[in-house]
Amino acid sequence: MAEKLVFLGMGGTIAGTASSAGDNVGYTAAQVGVQALLASVPGLQAILGDREAAAEQVCQIDSKDLAHADWQALRSRVLHYLAMPEMAGVVVTHGTDTLEETAYFLSRTVPAELLARKPVVLTCAMRPASSLTPDGPGNMADAAAVALCSGARGVLVVCAGKVHSAAHVQKVHPYRTDAFDSGEAGPVGLVEEGRVRLLSDWPGEDASGHHFDLAALPIQAWPRVELLFSHAGATGSVVRALLAQAGAEAPLRGIVVAGTGNGTIHKSMEAALLEAQALGVRVLRVSRCAYGQVVGGSPSHRSGAFAAAGLSGVKARIALMLEIAAQT
Ligand code: SIN
């Protein structure tokens, strides 16, 4: 049986259309099916060699509107395809806005033994499919090259010729086609004319924790974790409003706070977070700085532990959800 590579469509700008080919901003995301996107990839057959391409539309959505159920649906299709002996890997076309969240979610919930053998490569575009100069087809070609690269493993993000790991990737620009960055870790590699040049090792098993089998847990039972920022003028009112939501459809189980500098929190907000902790709500701190990670951790920080390994706020929220779910 011929080896295969599957492309899973999730929507996003890569599948977006505008009324004019010159418009790279006023478009509607998630309009073109993944099969049609595949047909637009330059030189795809040369990249595939004697392998076959398959495609499935999992969602068709602007990624800002993704729900946990969409992550669950994607994860289940990823597991399905990775388990097929003839499948070399999985490419996911996805919106850029929450791409890093989906990538991190998959890296923490797809069993490590599957990711050790086959990669899951997410790709995207900053310009719609209808653009005079779309970036999606080239990114899809690069993603296919990465997925088929010997030794590739883990959950990866490919955009603008760079390969990022799920742990470090972050969207850093609202317009540039090179919109992603891996901070101080740097990209895993580069894709040059269809060839992958590794700059570091492929990502290994996520050091930040075990993989949790979410399939065992219905979406309604996923713990509710909110993300807040500390800032000049912050008060405890948002935290107390969250705590006061008796009877909300999901009780509050955790709060991630993107703190100032080395993870510090405004004293007014911190007082409310201590009240939250006393009520059994888990509090996790990260730094709101774009680079680096919290260093040390003063014993005076009584409200909340620090998130592992410099996770951004959005990823720390997922990590805390998984941690609480695993203890449920
Ligand atoms: C989205 O995230 O779905 C829209 C924006 C984008 O893909 O760049």
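All chains use their own residue numbering, which begins from 1 and follows the written sequence. Local features in a predicted model are, by the rule used here, given only for residues with pLDDT of at least 70; side-chain atom pairs are given and counted only at 80 or more, and totals for whole chains, interfaces and linings are based on all residues. Values reported for side chains reflect all heavy atoms of the structure, with hydrogen atoms and water molecules removed beforehand.

**Looking at the side chain of His94**
Helix numbers and strand numbers start at the N terminus; a helix is a DSSP run of H or I with at least 4 residues, a strand a run of E with at least 2. Positionally, His94 belongs in the loop between β3 (87-93) and α4 (99-109). Nitrogen and oxygen atoms within 3.5 Å of one another constitute a polar contact, given that in protein one can donate a hydrogen and the other can accept it, and given that sequence-neighbouring residues count only through two side-chain atoms. Reaching out from His94, the side chain makes a polar contact with the side chain of Thr102 at a distance of 2.8 Å. Between two residues, a contact is recorded if the distance between any of their heavy atoms is within 4.5 Å. Setting aside chain neighbours within four positions, we find His94 in contact with Met10, Gly11, Gly12, Ile14, Ser63, Leu66, Leu99, Thr102, Leu122, Thr123 and Cys124.

**Here we look at the sheet that holds strand β14 (residues 305-306)**
Here the rule is simple: two strands pair whenever DSSP picks up at least two bridges between them. Taken together, four strands build an open sheet; the order of strands is β11-β12-β13-β14 and the sheet is parallel. Strand pairing shows two members of the sheet lacking a second neighbour, β11 (224-229) and β14, which therefore form its edges. Across two bridges, the pairing between strand β13 (residues 282-287) and β14 is parallel. Within β14, the residue paired with Arg285 across the bridge is Phe306. To get an axis, a line is fitted to the C-alpha atoms, and for a helix only the part in contact is used. The angle between two axes follows their N-to-C directions and goes from 0 to 180 degrees. Lying on the sheet, helix α8 (residues 267-278) is in contact with β11, β12 (252-259) and β13; it crosses β12 at an angle near 155°.

**Looking at the pairing of β12**
The side chains of a regular strand alternate, first on one face of the sheet and then on the other. Exposed residues in this analysis have more than 50% of their type's maximum accessible area, buried residues have under 20%, and partly exposed residues fall in between, with area computed by a 1.4 Å probe over protein chains only. β12 sits mainly inside the fold: seven of its eight residues count as buried. With six bridges connecting them, β12 and β13 associate as parallel partners. Paired with Ala258 across the strands is Val286, a residue of β13. The parallel pair β12 and β13, bridged by α8, forms a crossover whose chirality is right-handed. If you view a crossover with the strands going away from you and the path from the first strand over the helix to the second runs clockwise, you call it right-handed.

**Observations concerning the site of the ligand**
We define proximity as follows: a residue is near a molecule or strand when any one of its heavy atoms falls within 4 Å of that partner. The environment of the ligand is formed by Gly12, Thr13, Asp62, Ser63, Gly95, Thr96, Asp97 and Ala125. Asp97 is positioned with one of its backbone polar atoms (N or O) 2.9 Å from an oxygen atom of the ligand. Taking Ala125, its main chain carries an N or O atom lying 3.5 Å from an oxygen atom of the ligand. Using a 1.4 Å probe, accessible areas were evaluated by the Shrake-Rupley method; residue-level cover was limited to the displayed protein chains. When the free accessible area of the ligand is taken as 250 Å², the share hidden by the protein chains comes to 95%. Each residue gets one label: Ala, Val, Leu, Ile, Met, Phe, Trp, Tyr, Cys and Pro are nonpolar, Asp, Glu, Lys and Arg are charged, and the others, such as Gly, are polar. For the shell around the ligand, the class distribution of residues is one nonpolar, five polar and two charged.

**Remarks on the nonpolar core**
Nonpolar side chains in soluble globular proteins tend to end up buried together. Definition used in this section: a nonpolar core is a set of buried Ala, Val, Leu, Ile, Met, Phe, Trp, Tyr and Cys residues joined via side-chain atoms within 4.5 Å. Counting 52 residues, the largest nonpolar core has Leu8, Val90, Val120 and Leu122 as its most contacted members. Looking at this core element by element, the count peaks at eight residues for helix α9 (residues 313-327). Apart from the residues within four sequence positions on either side, Leu8 is in contact with Val34, Glu56, Val58, Leu74, Arg77, Val78, Tyr81, Val90, Val91, Val92 and Thr93. If you look at the next biggest cluster of nonpolar residues, it comprises 30 residues, including Val34, Leu48, Ala88 and Leu156.

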